Amino acid sequence: MRSKTSYFNGTLFKKNLSRYWPLWGLASFGGAMFPLAMLLELLHNGFQFWSPLETRQAYYTVLSYGVPVISIVYAILCAMAVWNYLYNARSVGMMHTLPVRREGLFVTNVLSGLTMMAIPYTVTGVLLVLVTMLFGGFEPVGVLVTVLGVMGESLFFFGLATFCAFIVGNVFMLPALYGLLNFIAVLTDFMVNLLAQGFCFGLNSSYSGTVEWLSPVVYLIQKISPNSTYETQWVTDRLGGQRYETSVLTSVTLENGWLIAAYAAAGAALLGLAWLLYRRRRSESAGDVVAVGWMKPVFRYGCAAYAAILGGRLLYALLWESFQNGQYFALLPMILCMIAGGAVGYYAASMLLAKTPRVFKTTWKGMLAVALGCAALCGAMKYDLFGVTRRIPAPDSVKLVNVYAAGSNYYLTPGKDDALIEKVRTLHQTIIDDKDYILGYSSRAYYEDTASTDMAVEDAGAQSTISNIRITYMLNSGLKVERRYSLYLTPDRMAREDTYDHLLDQLINSPEMRQKRIRWRDEGFQLDGAWIDTWRDYSDLSSREVGLILDAVAKDAENGDWGVYNWFRVDNDADSYEIQIHFQYKVPESQFDRAYGEIQVNVKEGMTETIQTLKELKLITDADLVTNRERYPWQYAAGGWDQYEQFYGQFHMSPEEYYDRYGEYPAGWFGTESDDSSTETETAPTVDNSHSPSMSAGAEATGLGIIGGADGPTVMVTTAA
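Residues numbered from 1 in each chain as written. Predicted model: local features only at pLDDT ≥ 70, side-chain atom pairs only at ≥ 80, totals over all residues. Heavy atoms only, no water.

**Student:** Please clarify how the packing of aromatic side chains should be interpreted in this entry.
**Tutor:** Two measures describe an aromatic ring pair: the distance that separates the ring centres and the angle between the ring planes. The full count for this structure, using the stated rule, is 34 aromatic pairs. With centroids separated by 4.9 Å and ring planes inclined at 70°, the aromatic side chains of Y565 and W567 adopt a geometry described as edge-to-face. Aromatic pair Y632 and W634: ring centres 5.7 Å apart, planes at 75°, arrangement edge-to-face. The same class applies to Y632 as to W634, namely buried. (Phe/Tyr/Trp six-rings, centres within 6.5 Å; stacked < 30°, edge-to-face > 60°. Buried < 20%, exposed > 50% of the residue type's maximum accessible area, 1.4 Å probe, protein only.)

Listed below in structure tokens is the structure:
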């Protein structure tokens with residue numbers, strides 16, 4: 001009888017499932033808790049109707065943010081279960097003497113692992129479908145897409161875990177290599193930027209996301225998300241009969257769902273590579289750190305590179321950073337620190353591979369290569385051989401430009417803002433050309449800025465200042481180029497046309513940028529909400545009120561009554577009222593590391609159009625028109641904070657509480673004229689020694705992350721999923 005080759009062994013398959021039932025059994029039990037909790041919640045709400053679109057949205061949310069995290073952990077556990085025999089000499093010898101060829105072992109164990117991954121998802125999914133059907137929320141499209149997504153991600157993560165299983169020969173190295181490969185792009189990006197920002201002028205980002213797709217979990221969570229659309233509708237309350245406005249979910253799609261298919265194909269390819277490795281794998285490699293010969297140099301020099309950068313940076317911080325002169329690394333000390341860190345990683349990897357500490361005589365040539373590599377890398381970054389410092393993207397390669405300066409964010413689009421983008425590029429080039437001047441004056445500028453701030457209380461002006469700006473180019477390729485600079489500004493240089501001081505002032509204070517500051521009639525932004533804060537009240541703004549207020553602010557900007565930033569004035573918020581108008585909007589490009597942004601317009605003296613509009617809308621009254629200088633005078637007078645403490649000690653209440661109670665400060669306090677007839681000695685109850693700082697100070701004190709000056713808008717950057 002002719003013999004046949006079997007690629008599947010049913011006995012081994014059943015043995016795997018029965019032997020490791022606690023793994024998939026506990027996972028199934030944990031997954032079943034979610035539909036149970038959902039059922040109890042719906043029962044608690046009195047059989048509340050669950051719409052099919054809400055079901056789809058819930059499925060896509062779990063698929064986007066939950067499944068990648070669960071799968072990355074569960075896949076390695078399943079892989080360790082089915083491939084554990086590879087790491088013990090006795091076990092691998094026994095398995096390879098069975099009347100089952102390696103093809104049969106491989107296929108059977110792969111199917112066993114995928115089945116163990118599928119069981120918990122199947123149990124959870126079936127229970128969720130039953131619960132949603134019970135409450136009228138069954139949605140077949142969402143179920144189908146979610147099932148395909150779970151299958152694709154499971155295939156990828158198990159394929160990657162299997163590939164790692166055949167590279168290593170030690171069970172403890174399997175999860176280590178698997179975790180490293182899942183996050184290697186993020187880790188490498190962080191390390192390279194950590195080193196580069198210590199050498200490259202203007203580079204201040206710790207992560208660029210250039211090859212983020214090589215870190216699957218991070219990339220999937222970042223790129224895949226449910227895209228929900230809502231419409232505002234008027235509904236009638238069944239009980240009270242009153243009509244009210246509400247947002248109704250109208251459509252849900254899975255954004256970038258095709259990426260799951262791409263990763264699933266990559267998982268299948270990794271399984272193919274794993275099979276090729278298994279065909280050539282020696283049973284004697286059980287117990288080795290690395291079981292594949294050509295991977296041993298990669299392991300040795302990879303450990304050396306990572307240890308050189310991370311260990312070198314740590315040694316530099318401990319041994320030299322406090323002695324360096326300036327913001328950037330000293331070349332020779334950094335090279336020595338990196339060589340020391342690289343030596344630790346290189347020899348540690350060599351000892352693991354050789355299983356002995358006696359490796360120094362035979363590996364010195366490799367260590368010499370590591371030392372030369374450290375020196376070459378530091379030298380290349382120091383002298384900008386990669387062109388990082390000099391890089392300014394070409395106009396035709398840019399999709400969007402973001403400039404942060406003077407406390408505000410500005411977004412410029414090619415084709416509509418070409419003239420402004422060219423001004424930004426010219427400013428950027430001038431900053432690069434003046435690199436030596438900026439770095440040479442950095443320490444002196446800090447001293448002069450501190451001194452001038454102390455003196456500027458009297459004349460509200462400074463002789464120099466330091467301004468932080470950020471320029472971000474979003475490229476057509478999806479990548480971004482971001483640079484940050486601390487610029488030393490002086491009035492003399494600002495009057496000269498060939499300086500970055502002058503170019504920065506002309507750009508930010510141009511009429512076009514003043515309108516950009518409030519996103520006035522900018523089609524690239526979608527308003528998400530608006531509200532107004534005063535010292536007395538808070539209220540939301542309707543779309544009609546938002547339109548009228550933005551038009552009024554735009555008119556004040558056009559008339560020069562708002563938006564002109566004074567770089568050398570240290571009391572920018574003195575003539576502002578405690579009236580802030582907030583506009584929240586969606587950022588047009590998610591690559592800016594935020595999905596939402598907020599503009600805060602501080603209303604100030606002279607904004608006649610805005611003040612008149614707010615009065616007509618009955619959002620403020622004359623009682624709200626009290627400036628910060630009037631309400632918080634101690635912040636703008638010499639010795640004001642000393643008087644603040646004295647005031648509290650004498651009147652047993654804070655100056656703010658006194659002002660709110662009496663509408664003025666007692667004569668002689670905080671720059672008011674003295675009145676000898678005043679005998680105010682009222683004793684008030686003791687209150688907390690707190691105060692209400694001005695706009696910019698208040699933001700800093702409360703940790704809200706509000707950035708900017710009070711001459712116009714202040715931008716608060718927020719992140720959202």
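**Student:** How do you make sense of the state of the cysteines when you look at a structure like this?
**Tutor:** Think of a disulfide as a covalent bridge from one cysteine sulfur atom to another cysteine sulfur atom. Using the criterion set out here, one finds zero disulfides in the structure. Lacking any disulfide linkage, C337 is separated from the closest cysteine sulfur, that of C378, by 9.4 Å. With a relative accessible area of 8%, C337 lands in the buried category. (Disulfide = S-S within 2.5 Å.)

**Student:** Where do I start with the pairing of strand β9 (residues 576-586) in this structure?
**Tutor:** A regular strand carries its side chains on alternate faces of the sheet. Counting buried positions over the eleven residues of β9 gives nine, a clear majority of the element. Examined bridge by bridge, strand β7 (residues 526-534) and β9 share eight bridges and lie antiparallel to one another. If you follow G529 over to β9, its bridge partner there is Q584. Where β9 meets strand β10 (residues 596-604), eight bridges bridge the pair, whose relative direction is antiparallel. The residue bridging K586 from the neighbouring strand is Y596, located in β10. (Helix = DSSP H or I, 4+ residues; strand = E, 2+ residues; numbered from the N terminus. Pairing = 2+ DSSP bridges.)

**Student:** What exactly am I supposed to notice about the sheet that holds strand β3 (residues 398-405) here?
**Tutor:** Whenever strands of a sheet pair, they do so through backbone hydrogen bonds, lying parallel or antiparallel. The sheet built from four strands is open, its strands ordered β4-β3-β5-β6 with antiparallel pairing. If you trace the sheet from one side to the other, it starts and ends with β4 (408-412) and β6 (480-489), each paired once. Neighbour-to-neighbour, the strand axes of this sheet turn through a mean angle of 15°, independent of strand direction. Bridge analysis of β3 against strand β5 (residues 465-475) gives six bridges, and the strand direction is antiparallel. Bridging across to β5, Y404 finds its partner in R470. Lying on the sheet, helix α13 (residues 418-433) is in contact with β3, β4, β5 and β6; it crosses β5 at an angle near 125°. Lying on the sheet, helix α17 (residues 500-508) is in contact with β3, β4, β5 and β6; it crosses β6 at an angle near 115°. (Axes fitted to C-alpha atoms, helices over the stretch in contact; angles between N-to-C directions. Contact = heavy atoms within 4.5 Å.)

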